[in-house]
Amino acid sequence: MYYLINGLLVLAMTFFFFLPMTDYRTARMKLCMVCALAVVLTVSATSPRTHAPAPIAMSRG
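All values derive from a computational prediction rather than experimental measurement. (Residues numbered from 1 in each chain as written. Predicted model: local features only at pLDDT ≥ 70, side-chain atom pairs only at ≥ 80, totals over all residues. Heavy atoms only, no water.)

J.: Explain the overall build of the chain to me, using residue names and the numbers behind them.
T.: For the chain, the count of helices and strands is 2 helices and 0 strands. The buried share among the 61 residues of the chain stands at 15%. Approximately 5500 Å² of the chain is accessible, and the part contributed by carbon and sulfur atoms is 73%. (Helix = DSSP H or I, 4+ residues; strand = E, 2+ residues; numbered from the N terminus. Buried < 20%, exposed > 50% of the residue type's maximum accessible area, 1.4 Å probe, protein only. Areas by Shrake-Rupley, 256 points an atom, 1.4 Å probe, with all protein chains shown as cover.)

J.: Before we move on, can you summarise helix α1 (residues 2-17) with the specific residues and values?
T.: Its 16 residues give α1 an end-to-end C-alpha distance of 22 Å, which sits within 8% of 22 Å, the value for a rise of 1.5 Å per residue. Where α1 is concerned, the buried positions are N6, L9, M13 and F16. Each buried residue of α1 lies within a common arc of 85° when the element is viewed along its axis, so the set occupies one face. Across from the buried face of α1, at angles greater than 90 degrees, the exposed residues are Y3, L4, L8, L11 and F15. (Expected span 1.5 Å × (residues − 1). Arc of directions from axis to C-beta.)

J.: Now, about the nonpolar core: what can you tell me, with residues and values included?
T.: The biggest cluster of nonpolar side chains holds 5 residues, and these are L9, M13, F16, L37 and L41. At the level of elements, α1 and α2 (24-46) are the ones that each hand at least two residues to this core. The leading source of residues in this core is α1, at 3 residues. (Core = buried A, V, L, I, M, F, W, Y, C linked by side-chain atoms within 4.5 Å.)

J.: Now, about the packing of α1 against α2: what can you tell me, with residues and values included?
T.: It is the contact of α1 with α2, at a shortest axis distance of 9 Å, that shows an interaxial angle of 165°. By the criterion of interaxial angle, the relationship of α1 to α2 is roughly antiparallel. Crossing of α1 over α2 shows left-handed handedness. Each of I5, N6, L9, V10, A12, M13, F16 and F17 in α1 lies in contact with α2, whose residues at this interface are M29, K30, M33, V34, L37, A38, V40, L41, S44 and A45. (Axes fitted to C-alpha atoms, helices over the stretch in contact; angles between N-to-C directions. Parallel < 35°, antiparallel > 145°, perpendicular 65-115°, else oblique. Left-handed = near helix turned anticlockwise from the far one by under 90°. Contact = heavy atoms within 4.5 Å.)

J.: A description of a nonpolar patch on the surface should follow, citing residues and the corresponding values.
T.: Taken together, M1, Y2 and I5 make up a surface patch of nonpolar side chains, about 330 Å² in accessible area. Looking at where Y2 falls in the secondary structure, it is placed in helix α1. (Patch = residues over 30% accessible without salt bridge, like charges linked within 9 Å, V, L, I, M, F, W, Y side chains within 5 Å. Salt bridge = Lys/Arg side-chain N within 4 Å of Asp/Glu carboxyl O.)

Quick look at the structure:
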């Protein structure tokens, strides 16, 4: 699941990275979007995943 989310974030970053720059506003929009998506990707990739622990069988012996 997280590979899909991270993959979509990378695709969105590459989309904004390869947009043509026509003026100052477009360049600023590209920079802001790529930086914001990079921050979201970093948080998504480094956040701890909470999984249920495996049940441990108790033995009497």
